[in-house]
Amino acid sequence: MEPLLHLVSLTASKLLHFSGLSADRKAPKTTKMEEKALEVYDVIRSIRDPEKPNTLEELDVVTESCVEVRDLGDEEFLIIIKFSPTVPHCSLATLIGLCLQVKLERCLPFKHKLEIYISEGTHSTEEDINKQINDKERVAAAMENPNLREIVEQCVTEPDD
């Protein structure tokens, strides 16, 4: 009888594992990362495009799948965002990246590191822009410019604010 119970138990655990219902140790961590990614997406989805009256979500510049969160330990997370400008020669892609940086730094309630990139193949100068939007000194210098700061504020401020 004991070998039969072992076989049933083993079969049930394999079935649960392959169905995604397993109580696997990795499952809570994955769920936690998915929750953090949705939290990040909820922050960035309402950022308005600098040129158009639409949000980045409405223009498909950001989607849920463009946000990745990794656990760095000690309740710190790495957030990776890969956004897609509306056209390959978008002149405001750097400004959109700046808006993403500013809004996330202001709004996220947890400790994090941030990496923002243009999705591969979606912009003609993606490498240069990726360097700019991930350079803390350039971001700080850009936010010292009053005209640029005003545009960023208009994009990141919620309509209710």
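The coordinates are above.
Here is what the cut-offs are and how they apply
- Residues numbered from 1 in each chain as written.
- Predicted model: local features only at pLDDT ≥ 70, side-chain atom pairs only at ≥ 80, totals over all residues.
- Heavy atoms only, no water.
- Helix = DSSP H or I, 4+ residues; strand = E, 2+ residues; numbered from the N terminus.
- Buried < 20%, exposed > 50% of the residue type's maximum accessible area, 1.4 Å probe, protein only.
- Contact = heavy atoms within 4.5 Å.
- Phe/Tyr/Trp six-rings, centres within 6.5 Å; stacked < 30°, edge-to-face > 60°.
- Axes fitted to C-alpha atoms, helices over the stretch in contact; angles between N-to-C directions.
- Parallel < 35°, antiparallel > 145°, perpendicular 65-115°, else oblique.
- Nonpolar A, V, L, I, M, F, W, Y, C, P; charged D, E, K, R; others polar.
- Expected span 1.5 Å × (residues − 1).
- Salt bridge = Lys/Arg side-chain N within 4 Å of Asp/Glu carboxyl O.
- Core = buried A, V, L, I, M, F, W, Y, C linked by side-chain atoms within 4.5 Å.

Novice: Lay out the overall build of the chain with the relevant residues and their values.
Specialist: The helix and strand inventory of the chain stands at six helices and three strands. Mapped from its N terminus to its C terminus, the chain presents α and β elements in the order α-α-β-β-α-β-α-α-α. The buried share among the 161 residues of the chain stands at 34%. Across the chain, the fraction of contacts at a sequence separation of at least 24, relative to all contacts at a separation of at least 6, is 62%.

Novice: An account of unusual backbone geometry is needed here, citing residue identities and associated values.
Specialist: Within the chain, Asp60 stands out as a residue other than glycine whose phi angle is a positive 60 degrees. Inspection of the secondary structure assignment puts Asp60 in the loop between helix H2 (26–44) and strand S1 (67–73). Of the residues examined, Asp60 reaches a relative accessible area of 53% and is grouped as exposed. Despite not being glycine, Glu75 shows a phi value in the positive range, around 55 degrees. For Glu75, a relative accessible area of 52% puts it in the exposed group.

Novice: I'd love a proper account of the packing of aromatic side chains, names of residues and values included.
Specialist: By the definition in use, this model includes one aromatic pair. Here the aromatic rings of Phe77 and Phe110 are separated by 5.4 Å at their centres, their planes lie at 80 degrees, and the arrangement is edge-to-face. With Phe77 in strand S2 (residues 76–83) and Phe110 in the loop between helix H3 (93–107) and strand S3 (111–118), this pair connects stretches of sequence that are 33 residues apart.

Novice: Lay out the packing of H3 against helix H5 (residues 136–144) in plain terms, naming residues and giving numbers.
Specialist: At a minimum axis distance of 11 Å, the contact between H3 and H5 shows a crossing angle of 95 degrees. Here H5 runs roughly perpendicular to H3, going by the angle between their axes. Judged by residue contacts, Leu98, Gln101 and Val102 of H3 engage Val139, Ala142 and Met143 from H5. Its residues assigned to classes, the contact of H3 with H5 shows five nonpolar, one polar and no charged.

Novice: Tell me what's going on with H3, and back it up with residues and numbers.
Specialist: Between its terminal C-alpha atoms H3 stretches 21 Å, which fits the 21 Å expected from 15 residues at 1.5 Å a residue. Judged by how many residues are buried, H3 sits mostly within the fold: eleven of 15 residues are covered. Among the residues of H3, Ala93, Leu95, Ile96, Gly97, Leu98, Cys99, Leu100, Gln101, Val102, Lys103 and Leu104 are the ones counted as buried.

Novice: Kindly report on the pattern of salt bridges, identifying the contributing residues and their values.
Specialist: Using the criterion set out here, one finds seven salt bridges in the structure. With a closest N to O distance of 3.1 Å, Arg45 and Glu57 form a salt bridge. Separated by twelve residues along the polypeptide, Arg45 in the loop between H2 and S1 and Glu57 in the loop between H2 and S1 bring together distant segments of the chain. On the accessibility criterion, Arg45 (31% relative accessible area) is partly exposed. The partly exposed category is assigned to Glu57, whose relative accessible area is 24%. Of the charged contacts, one joins Asp135 and Arg138 as a salt bridge, the two residues approaching to 3.8 Å between their closest N and O atoms. For Arg138, a relative accessible area of 45% corresponds to the partly exposed category. In this structure, a network of salt bridges that share partners links the residues Asp42, Arg45 and Glu57.

Novice: Please provide a residue-by-residue account of the nonpolar core, values included.
Specialist: One finds Val40, Ile44, Val62, Val67, Ile81, Phe83 and Leu100 to be the most contacted residues of the largest nonpolar core, which totals 39 residues. Counting residues per element, the ones that place at least two in this core are H2, S1, S2, H3, S3, helix H4 (126–133), H5 and helix H6 (146–156). For this core, the leading source of residues is H3, giving eight residues. Ignoring sequence-local partners within four residues, the contact set of Phe83 consists of Val61, Val62, Ala93, Ile96, Gly97, Leu100, Ile116, Tyr117, Ile118, Ser119, Thr122 and Ile133.

On their own, these measurements won't tell you what the molecule is for.
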